[in-house]
Amino acid sequence: MIRRLVLTLLLAAAAAWSLLPLADAGRDPAPGRRTSQVAELDRQAGPIRYGYRPGCLDGFIDRDCLTWRLADTAARHWALPGGGDSLRLSGRFALVGLWEQGVVVVHDLTSGKKSEHPSGKVAVSPDGTTLAHLYERVLTLRPVAGGRSRTVKVGADPVFHGWTGRGVLLTVARRSAEPGRLHRAELIEYSPDGKRMGATPIPSGLAGPLRISPDGRRAAAPGVVLDLATGKVLHTFQADEVAGWLDHSRLVVLRSTRHWVLDPATGTSTPFGPDEAAPGTLVLNDYQ
Amino acid sequence: MQSEPDQPQPARLARFARLQRLPPGFFSPGVWHYLRVTRLWRGVGLTAGAVVSALQFGIYASPLLLGWFAGVLVAEHRLARARPRTPPARVALLSPAATAFWSVCLGVTVGLLVRVVILDPAELTARLGAFAALAVLLAVLSLLSRLHTAHEYVDETAVRARSAQVLATGGGVSTVWLALGAAPLGPAPGIAASALSLVALFIGTRPATGRPSSRPWWIPASAGLVLAPAVALIPPAPTPGAQVHMGVQYATRQACSDAGCTHWVLDGGRPLPEADADPFVIHPDGTAVVYRDRTTGRLVLRDFLKDTARDLPGDGEPAFSPDGRHLATTGHLIDLTSGKELPIPGLVRVVGLSDRAVVGLTAPRTALDGELVAYDFQGRVVSRAPFDPSQPAWLVPGGKEVFVLTRWGDAARMEVATGKVRARHRLDTGASVDFRGWDGPDRALISDWYTLRILDLASGKLSRAPADYARHTVHREIRS
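Parameters at a glance
- Residues numbered from 1 in each chain as written.
- Chains lettered and ligands numbered in written order.
- Predicted model: local features only at pLDDT ≥ 70, side-chain atom pairs only at ≥ 80, totals over all residues.
- Helix = DSSP H or I, 4+ residues; strand = E, 2+ residues; numbered from the N terminus.
- Buried ≥ 20, exposed ≤ 12 C-beta atoms within 10 Å, placed from the backbone.
- Contact = placed C-beta atoms within 7 Å.
- Nonpolar A, V, L, I, M, F, W, Y, C, P; charged D, E, K, R; others polar.
- pLDDT = per-residue confidence, 0-100.
- Axes fitted to C-alpha atoms, helices over the stretch in contact; angles between N-to-C directions.
- Parallel < 35°, antiparallel > 145°, perpendicular 65-115°, else oblique.
- Left-handed = near helix turned anticlockwise from the far one by under 90°.
- Pairing = 2+ DSSP bridges.

1. So, the overall build of chain A
Looking only at helices and strands, chain A has 2 helices and 25 strands in total. For chain A, with 288 residues in total, the buried portion stands at 41%. Taking the intrachain contacts of chain A between residues at least 6 apart in sequence as the baseline, contacts between residues at least 24 apart amount to 40%.

Okay, structure coming up:
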């Protein structure tokens, strides 16, 4: 009898020890894991703050985990039907790139209307009236409500950033023959009617896509915040990617596999949460 | 499930009598019942093991063995339940070889289980493996005890001896397999466990007749426990990088949604979880790496030969000299032979080292203008030239030129002494490119998305790198 009791207790203790890892599981879920199903986007959605794609469970890629989700200001999450490869949020517009079809679909999230445009880099102006579209070296400024478009031929290898409060911001690089230098890069802004409004030199190595702050005065790239008026670097920080500006002073950045809210002025950061976005898929609305 | 026919099969009975050294023509209903029950459950277990093995798309020994032995345990349990409970008897049912085999397996298993508890694995599978080994061990011991109890008949002795023989040999090898799965010791013990199975098969199929004994059965069967401390204290499996006998050839880091796959992994197998994503630099002979510690944020030189980790001064992207004797970080040059650290205040970013000089930049990436400066190993300036500090640049082997690769797809060589552009090419890869390493003095390895290419610096010609280049020439980062 005692022997049986000892054996039972020994096995019970061993079983409890074996199953301890299960108790730890789920306390800190990996980011980007699908946690719940969400409803399809409808008119009840509030203003959208950010979008993301939930991560696919390893080896199980399905339609749901490839669907873009939008989070509104009431922290409700909605599924944006139709899938897509890239997402940009410009105010009430969601701009979804479909690479295979070679189109960008512009969803008006308020009216539910959709329009298709040729592939390229796109953003809608803060007042929601003008769609900027860059393809190769041609910048097209197209009224959202329809009407006459303006096209501008820009410099070589332009990089599209988006809208400031004044116009559309691009980086253009010029080849340089100076010793120790291959390019000189400039920020160039075009007004909504297609006029070039000035050029600001910036370090050529920082000429990747920038995230413009909601007030249109600064822009962030991985590692730096630039003053758009002078091209000077205001702050440096550690990040793999910049998802966008949370407000006028704080960024959301990706470090390794997690998203963080970062104040670039002080360097302080806190976890962005709930972080359901697969790493690198979080996109903040251009106009918070 | 089809049950066994009730009619005794003379051939099977004759085989059993031969194996147990019973008189020819010996028959007893008890023996026939024993043969029916054991054959049924062993068959069920073996079939289950075969199904599991097939589900793994192959024929694997461990599911077959463990399935079969699970059947043995069920059969023996059913037989034991039908027997009357009697006091222990001084009888040796196991042959000396089976006793020795079980004894060794018991010692090894107990040692391995202690080892698992000491290592305290976090993985559920390792813990469940240890639990299964313990459960099987206790089940076998319990059944062996029940077999070594008083009884009267020759046929009962015969079946008990056969049961004990099968339990000791099959149980011994099964517990070792399970415990090894929970506390892996590397490939050699795995091979030994496979050999153990053959030994078990040989011993387990030898005659076992049972004989009177002057001492309890468990005394000789427990002698192998003396092995347990030695097994438990075998030095742990190599911790990441702690025992590198050959130099590290390459490292990978896969960025994905699982926290575990963001670690750097050396040579495809040894994780270095304490290392942050950037920077990560491998010593030229592979005996050390430099990384940023995730916890402290400091640069660390991890020397695999000395098994040491040393905090380094400075920051930024460090670089080794080609002979491996010097290491430069932002503002510092370290002589790895003497351990001396030489401050170089103007060195804001390291471009690379030759065997005689450190080449670096005087301004950060965020500046519009700067200079490319070469310092000798005493920290004296050898040359200065204007340079765009935001351009990604690497020192070309030989130390006289730098290689620049811009996000605009331009690749160029520039003289260190003057900044003069010696060759410039536009790369038409259709994607942004990253520098990965060198394939000789005039051939750079670059990658666009998942393709590793060789760029001939003189002609600008791009060619796809051979498949095994990623393994042997560069450290790389894989994104998924």
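2. Quick look at the overall build of chain B
The helix and strand tally for chain B stands at 10 helices and 26 strands. Burial analysis of chain B (480 residues in total) assigns 40% to the buried set.

3. Focus on the interface of chain A and chain B
Across the boundary between the two partners, chain A contributes 34 residues, which contact 39 residues of chain B. For the side of chain A that touches chain B, the secondary-structure elements that each account for two or more residues are helix H1 (2–24) and strand S20 (233–236) of chain A. Top contributing element to the side of chain A that touches chain B by residue count: H1(A), with 8 residues. When the residues that make up the side of chain A that touches chain B are grouped by side-chain class, the tally is 20 nonpolar, 11 polar and 3 charged.

4. Looking at the confidence of the model for chain B
Residues and elements named next belong to chain B. With 86% of its residues at a pLDDT of at least 70, chain B reaches an overall mean of 82. Here residues 238–245 scores under 50 on pLDDT; set against residues more than four positions off or in separate chains, the count is 12 contacts. Between residues 256–261, whose pLDDT stays under 50, and residues either more than four places distant or in other chains, the model counts 14 contacts. Across the whole predicted complex the pTM is 0.61, and at the interface the ipTM reaches 0.76.

5. A short note on the packing of helix H3 (residues 61–82) of chain B against helix H6 (residues 154–182) of chain B
Residues and elements named next belong to chain B. The interhelical angle for the contact between H3 and H6, taken along N-to-C directions, is 140°, at an axis separation of 10 Å. By the angle between their directions, the pair H3 and H6 is classed as oblique. For the pair H3 and H6, the sense of crossing is left-handed. Facing H3, whose interface residues are Ser62, Leu65, Leu66, Phe69, Val72 and Glu76, H6 presents Ser163, Val166, Leu167, Gly170, Gly171, Val173, Ser174 and Trp177. Of the residues assigned to the contact of H3 with H6, the class counts are 8 nonpolar, 5 polar and 1 charged.

6. Brief notes about the sheet that holds strand S14 (residues 349–353) of chain B
All names here are of chain B. Reading across the sheet, the 4 strands line up as S14-S15-S16-S17 and stay open at both edges, with antiparallel pairing between neighbours. Looking at strand neighbours, the two that pair on one side only are S14 and strand S17 (381–387), the edges of this open sheet. With strand direction ignored, the average angle separating the axes of adjacent strands in the sheet is 20°. In this sheet, S17 lies alongside strand S16 (residues 370–376) in antiparallel orientation, the contact comprising 6 bridges. Bridging across to S17, Val373 finds its partner in Arg384.

7. Remarks on the sheet that holds strand S24 (residues 451–456) of chain B
Residues and elements named next belong to chain B. Spatially, S22-S23-S24-S25 is the arrangement adopted by the 4 strands of the open sheet, whose pairing is antiparallel. Edge positions in the sheet fall to strand S22 (433–438) and strand S25 (462–464), since each has one partner strand and no second. For this sheet, the mean inter-axis angle between neighbouring strands, taken without regard to orientation, is 35°. Of the pairings in the sheet, the one linking S24 to S25 comprises 3 bridges and is antiparallel in character. Pairing of Arg453 across the sheet is with Arg464, part of S25.

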